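Notes for the structure review
What follows is each chain in one-letter form.
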Amino acid sequence: MNEIVKYHNKLNSLSFGSLGELGQNLFFSMLTKLKDKADKEVIFTADELNSFVKERNLTNKELFIECNKLKYNIFKMDFKSIKKNDDNSLDIGYHNIFKSFFLRVTATESEQYAHLPSSYVPKEWELPQNVKFIKFKFLKVQINPEFAYLVNELTANFTRFELAEFIAISGKYTKTLYRLLKQYRQTGKRIFEWQEFAELMDIPADYRQTDIDQFILKPALKELTKERTLFDQARIPFENLTYTKLNKNKKKCNKGDRVRHILFEWKPEVIEIDCRDIYSDFVEEHKDKWFDCGIFGKRKLLLGKNPEGERIFIFEDSEGNRNLSESIEKYKTKTDLKQLAKNIIDA
């Protein structure tokens, strides 16, 4: 399962705490198959879903319950949109990442549950009364077209991490913190406003600061700084990871100070320039072709960095001059790169 999970950072504005550890494993594993499947229904077999949580060795019925819980919790998480109209009125909307979410089971009517009182309300993951579960077959989902960009054709603004590493991490709080920090993996620093952090982490409202330290932050840091072996390679998710609670002036809290922010610091992750993505793939595909660069003549395409460390396209002329460049930020998607490819003057 050496796959990369890649998704738009807007997903990090949602709290996934209600999913729990298994739910997060299922959801983010599903993203690996949903990427580049815009507007298509995608089927996950029971065996495939079980492979996402194989360390738990769930029975078929237990897997069905977990997937149904996932459905229930995912549909509680909405993006909010506010659109201003010409007459100064506002349209306030709520949108879910999934357009549809179906679970296929084989079942049969049974008198076994006929004795249940009429006042009985099934839990959100239970089947209707008088129906006996036999077997969970598959899950079929479709991304809401409004949010296909969250997992499709992601480029400059993304979070990526290895799925195996994410699944190997224990604890729902630890998984959430892992995702939030991976977004800043190359900077080695992330500061949160405290209330925002508490909501994203789904920290219980009645937890005191000492409880948060003891039951959430310290266990998470211990897990995220632990060396583990994946695919015969020793890895530490975040080397030298620490946290500091800050007051309203963004200074380290003294005794009696109210916590207003929290700062996480770690050793920045080094990302090699040749990591595979749509830009390096595009350059590789067209490395021997000439691009029409207008008044600059024909040039070949290279990938590099500017003095600020930002990735750029470099256009090299026939004499090896590299005095023409362009930010890759202009090309957000594969569709944008296809427009660039129209400038190729020989195949």
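The notes below deal with the structure included here. (Residues numbered from 1 in each chain as written. Predicted model: local features only at pLDDT ≥ 70, side-chain atom pairs only at ≥ 80, totals over all residues. Heavy atoms only, no water.)

**Overview of the sheet that holds strand β15 (residues 311-316)**
Whenever strands of a sheet pair, they do so through backbone hydrogen bonds, lying parallel or antiparallel. Read from one edge of the open sheet, four strands run β13-β14-β15-β16, paired in antiparallel fashion. If you trace the sheet from one side to the other, it starts and ends with β13 (291-292) and β16 (324-327), each paired once. Note that β15 and β16 share four bridges and pair antiparallel. Looking at the pairing, I312 lines up with S327 of β16. (Pairing = 2+ DSSP bridges. Helix = DSSP H or I, 4+ residues; strand = E, 2+ residues; numbered from the N terminus.)

**Digging into the side chain of N25**
Along the chain, N25 falls in helix α1 (residues 20-34). Here the side chain of N25 touches K175 through a polar contact of 2.7 Å, side chain to side chain. (Polar contact = N/O pair within 3.5 Å; in protein donor to acceptor, adjacent residues only side chain to side chain.)

**A few points about the environment of L303**
Mapped onto the elements, L303 comes out in strand β14 (residues 298-305). The partly exposed category is assigned to L303, whose relative accessible area is 23%. In this structure, the C-alpha to C-alpha distance between L303 and F313, residues ten residues apart in sequence, is 4.9 Å. If we skip the residues at most four places from it in the chain, L303 touches Y279, S280, V283, R311, I312, F313 and I328. (Buried < 20%, exposed > 50% of the residue type's maximum accessible area, 1.4 Å probe, protein only. Contact = heavy atoms within 4.5 Å.)

**Focus on the packing of α1 against helix α3 (residues 60-74)**
One can describe the packing of α1 onto α3 by two numbers: an axis separation of 10 Å at closest approach and a directional angle of 80°. Judged on the interaxial angle alone, α3 and α1 are roughly perpendicular. Side by side, α1 and α3 meet where L22, G23, L26, F27 and M30 of the first sit next to E66, C67, L70 and I74 of the second. Here the residues of the contact of α1 with α3 sort into seven nonpolar, one polar and one charged. (Axes fitted to C-alpha atoms, helices over the stretch in contact; angles between N-to-C directions. Parallel < 35°, antiparallel > 145°, perpendicular 65-115°, else oblique. Nonpolar A, V, L, I, M, F, W, Y, C, P; charged D, E, K, R; others polar.)

**Here's the deal with the environment of W266**
Tracing the backbone shows W266 in the loop between β12 (261-265) and α8 (278-285). Owing to a relative accessible area of 7%, W266 belongs among the buried residues under this scheme. Measuring from C-alpha to C-alpha, the distance between W266 and L241 comes to 4.3 Å, with 25 residues separating the pair along the chain. Leave out the neighbours within four places in its chain, and W266 touches L181, Y184, R185, G188, K189, R190, F238, E239, N240 and L241.

**Some words on the packing of aromatic side chains**
Under the criterion given, the structure shown has 21 aromatic pairs. With a centroid separation of 6.3 Å and an interplanar angle of 55°, the aromatic rings of Y207 and F215 are classed as tilted. The class of Y207 is partly exposed, set by a relative accessible area of 30%. Using a relative accessible area of 44% as the deciding quantity, one classes F215 as partly exposed. (Phe/Tyr/Trp six-rings, centres within 6.5 Å; stacked < 30°, edge-to-face > 60°.)

**Section: unusual backbone geometry**
Residues other than glycine predominantly adopt negative phi, and peptide bonds predominantly adopt the trans conformation. Of note in the backbone geometry, D202 takes a positive phi value of approximately 60° without being a glycine. Checked against the element boundaries, D202 lands in the loop between α6 (194-201) and α7 (209-224). Using a relative accessible area of 32% as the deciding quantity, one classes D202 as partly exposed. Phi is positive for K250, close to 60°, though the residue is something other than glycine. Tracing the backbone shows K250 in the loop between β11 (242-246) and β12.

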